[in-house]
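Fold and contact review
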Amino acid sequence: MVRSEDRGFTRGRRPSLGEETPSASDRFGQATEWIARAMGTPWFLVILTLFCVLWMAWNTIAPEEWRFDSAAIGFTALTLILSLQASYAAPLILLAQNRQDDRDRVALENDRQRAERNLADTEYLAREIVSLRLTLEALEKDAVTREVLREELAEALRQLDARPEDEQTAEGR
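Residues numbered from 1 in each chain as written. Predicted model: local features only at pLDDT ≥ 70, side-chain atom pairs only at ≥ 80, totals over all residues. Heavy atoms only, no water.

We now examine the packing of helix α3 (residues 42-61) against helix α4 (residues 76-142). The N-to-C vectors of α3 and α4 enclose an angle of 160 degrees; their axes lie 11 Å apart at closest approach. In terms of their interaxial angle, α3 and α4 are classed as roughly antiparallel. Handedness of the crossing formed by α3 with α4: right-handed. Contact with α3, carried on its side by F44, L48, F51, C52, W55 and M56, involves A77, L78, I81, L82 and Q85 of α4 and no other residues of that element. Here the residues of the contact of α3 with α4 are counted per class, giving 10 nonpolar, 1 polar and no charged. (Axes fitted to C-alpha atoms, helices over the stretch in contact; angles between N-to-C directions. Helix = DSSP H or I, 4+ residues; strand = E, 2+ residues; numbered from the N terminus. Parallel < 35°, antiparallel > 145°, perpendicular 65-115°, else oblique. Left-handed = near helix turned anticlockwise from the far one by under 90°. Contact = heavy atoms within 4.5 Å. Nonpolar A, V, L, I, M, F, W, Y, C, P; charged D, E, K, R; others polar.)

Attention now moves to the pattern of salt bridges. Side chains that differ in sign of charge can pair as their charged atoms come close. Per the counting criterion, the structure on display carries 10 salt bridges. Between R105 and D102 there is a salt bridge, with the nearest N and O atoms lying 2.8 Å from each other. With R105 and D102 both in helix α4, this residue pair falls 3 residues apart, about one helical turn. Among the residues examined, R105 registers a relative accessible area of 43% and is labelled partly exposed. Taking relative accessible area as the criterion, D102 reaches 21% and is therefore assigned partly exposed. The closest approach of N and O atoms between D111 and R114, which form a salt bridge, is 2.9 Å. Pair noted here: D111 and R114 are both in helix α4, with a separation of 3 residues, about one helical turn. Salt bridges here are not isolated pairs; linked through shared partners, they connect D26, E33, R37, R99 and R103. (Salt bridge = Lys/Arg side-chain N within 4 Å of Asp/Glu carboxyl O. Buried < 20%, exposed > 50% of the residue type's maximum accessible area, 1.4 Å probe, protein only.)

Right, let's talk about the packing of aromatic side chains for a bit. The final tally for this structure, using the stated rule, is 3 aromatic pairs. Residues F51 and W55 carry aromatic rings whose centres are separated by 5.6 Å and whose planes lie at 55 degrees to one another, so their mutual orientation is tilted. With F51 and W55 both in helix α3 and 4 residues apart, the pair spans about one turn of that helix. Given a relative accessible area of 36%, F51 falls into the partly exposed group. Ring centres of W58 and W66 lie 6.0 Å apart, and the angle between their planes is 10 degrees; on these two criteria the pair is classed as stacked. (Phe/Tyr/Trp six-rings, centres within 6.5 Å; stacked < 30°, edge-to-face > 60°.)

Below, the structure is given as structure tokens:
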């Protein structure tokens, strides 16, 4: 069966002139889905019930020469029509379910791939955050604060002031 990703169009959107159009089998599949969806509605049940009630009423109340299905033999034509409808409805519903299963399988695979990508991205970002924290901690340990720098400069000045005069003049030459 042709998958939606191979067809080149999105479900629910008609392809434009330059795009690929659905094949005959895909149009048949879309028709089966439409029929299956229509059969699953309350309106279909209401219409079918009204059809059966009208059929039975006509063939019971109408004049004898206008009747086409005898109530005496159990509305045979109505029974055959309903059996024919049921015999076509079951395979159409199964075809629609198979198409939906294929779409669900593709969607599940896409969701799984997206989840894997999200997990990989999250793990990468977590590693980067840990790396940045470790780098900041190392910089904080090695960083020279103003106070430490002032203390070091003051100590160097004290050492320079404490040196004998002749060492300072010898270095100055």
